[in-house]
Amino acid sequence: MAIANYIMPGMKADEVLIKIHEQDPKILKILLTAQADIEAVGNAVNAANLYRYIAKPWDGTDLILTLREALRSYKRDRELEKQHKILQQLNASLEQQVEERTAKLKQEIADRQEAERKLQDLNEELMRSNEDLEQFAYVISHDLQQPLQSIIGFGQILMLHYQEILDAEGKDSLSTLVNSGHQMRQMIRDLLTYSRVGTEGKTLVPTDCNRVLEKVLANLHGAITQNHANLISADLPTVMGNETQLLQLFQNLIDNALKFSRPTFSPTITISVKPEGEQWCFSIQDNGIGIKPENFHRIFGIFQRLETETEYPGTGIGLASCKKIVQRHGGRIWVESELGVGTVFYFTLAKV
Ligand SMILES: Nc1ncnc2c1ncn2[C@@H]1O[C@H](COP(=O)(O)OP(=O)(O)OP(=O)(O)O)[C@@H](O)[C@H]1O
Ligand SMILES: [Mg+2]
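Note that this is a predicted model, so its numbers are computed, not measured.

**Q** Can you lay out the packing of helix α3 (residues 60–161) against helix α4 (residues 168–199) for me, pointing to particular residues and giving the numbers?
**A** Interhelical geometry of α3 versus α4 gives an angle of 155 degrees and a closest axis separation of 8 Å. As far as their axial angle goes, α4 and α3 are roughly antiparallel. Once α3 is placed against α4, the crossing between them reads as left-handed. Grouping the amino acids of the contact of α3 with α4 by side-chain chemistry returns 15 nonpolar, 10 polar and three charged.

Structural data, given as structure tokens:
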């Protein structure tokens, strides 16, 4: 704080206060004056940013009060300055934190986008190589049919024309050859059907599952009556699908339910459905021989059959086709089963 008397030996108080102000504007300046030169006082008030000017004669109490007030005001200003500085620092640190966090988020987004792009590339590559494999399987199985047909055909001719000159072992070998040929022909046909799932029926349209089931039941009429099977079905919804493939799906599952029944039990097959978000969840339940939990995954593989191989006919491609069909329809397929009690196959299909 600087207090200057207007008249001082050799100098003028207004000029001194202005100089002090120029050196440190924060210093509080008070001017005491007896003969107020209005212009000089006004100049000092403006140029030195005078806190106050006090005219003589002054009252001692008033001066003390003024000084106290001046000190208080000075302290308040410094305190405010300090708080302002802290606030500025906080702001700066906050801004820095926001900047750092934004940069980190940007990096995370870029990383994620890069990972997604890589995944998409991989998916596309996988789809391409799957399509190549399907095409390969299709061509091979298609081209194998002709030479195989010749083997079966010539085997049958040999059996027919050379029966008399063949001994029992010869006949037996020839019969095994023809039977194996038939078995192989069935496998090739199944493989062709399986590879067609990927290449045909790509567009999905609203398909009434009741109509699909009707056709399946007509196709399996013989097996149903022969097995004295009891079929119970809920009213089924219309889904987005390909009719031929959905027919294959229902037929494979119902055919299995009929085939893998327990010898002393007439099969009871229950077809139910319930909504599950954007999809319908279907279930086909039987009271047949059941499946061990360790085989739940395996049975969906191509040409995978369980220990029942010799007792029940089939090549083991039905469930692999079902899985492929359901996946191509954007759904899931899974199984729950208890050995000696029965099996439930579940699959989901998109709502219309
Ligand atoms: N409902 C079922 N109950 C018991 N076991 C089943 C049932 N469905 C399938 N399985 C088991 O899963 C295996 C694979 O079934 P999948 O339908 O693929 O082949 P498959 O019926 O033997 O032959 P394909 O269907 O090619 O004629 C079957 O061999 C059988 O062991
Ligand atoms: Mg089957």
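Picking up where we left off.
**Q** Residue-level account of the site of ligand 1, with values.
**A** Around ligand 1, a shell composed of 23 residues is seen, among which Asn256, Leu306, Gly314, Gly318 and Leu319 lie nearest. Residues that form the shell around ligand 1 fall into these classes: nine nonpolar, 11 polar and three charged.

**Q** Before we move on, could you go through helix α5 (residues 209–219) and cite the residues and values that matter?
**A** Those residues of α5 lying buried are Cys209, Val212 and Val216. For α5, the buried positions fall inside an angular range of 55 degrees around the axis, keeping them on one side. Among the exposed residues of α5, those pointing more than 90 degrees away from its buried face are Asn210 and Ala218. Contacts made by the buried residues of α5 are with β6 (205–208), β8 (238–241) and α7 (243–259).

**Q** Help me get a handle on the domain arrangement of the protein chain, residues and values and all.
**A** Domain annotation for the protein chain reports domain 1 (2–58), domain 2 (122–199) and domain 3 (205–350). With centres defined by C-alpha atoms, the gap from domain 1 to domain 2 works out at 117 Å.

Here is what the cut-offs are and how they apply
- Residues numbered from 1 in each chain as written.
- Chains lettered and ligands numbered in written order.
- Predicted model: local features only at pLDDT ≥ 70, side-chain atom pairs only at ≥ 80, totals over all residues.
- Axes fitted to C-alpha atoms, helices over the stretch in contact; angles between N-to-C directions.
- Helix = DSSP H or I, 4+ residues; strand = E, 2+ residues; numbered from the N terminus.
- Parallel < 35°, antiparallel > 145°, perpendicular 65-115°, else oblique.
- Left-handed = near helix turned anticlockwise from the far one by under 90°.
- Nonpolar A, V, L, I, M, F, W, Y, C, P; charged D, E, K, R; others polar.
- Near = placed C-beta within 6 Å.
- Buried ≥ 20, exposed ≤ 12 C-beta atoms within 10 Å, placed from the backbone.
- Arc of directions from axis to C-beta.
- Contact = placed C-beta atoms within 7 Å.
- Domains from an automatic or database assignment.

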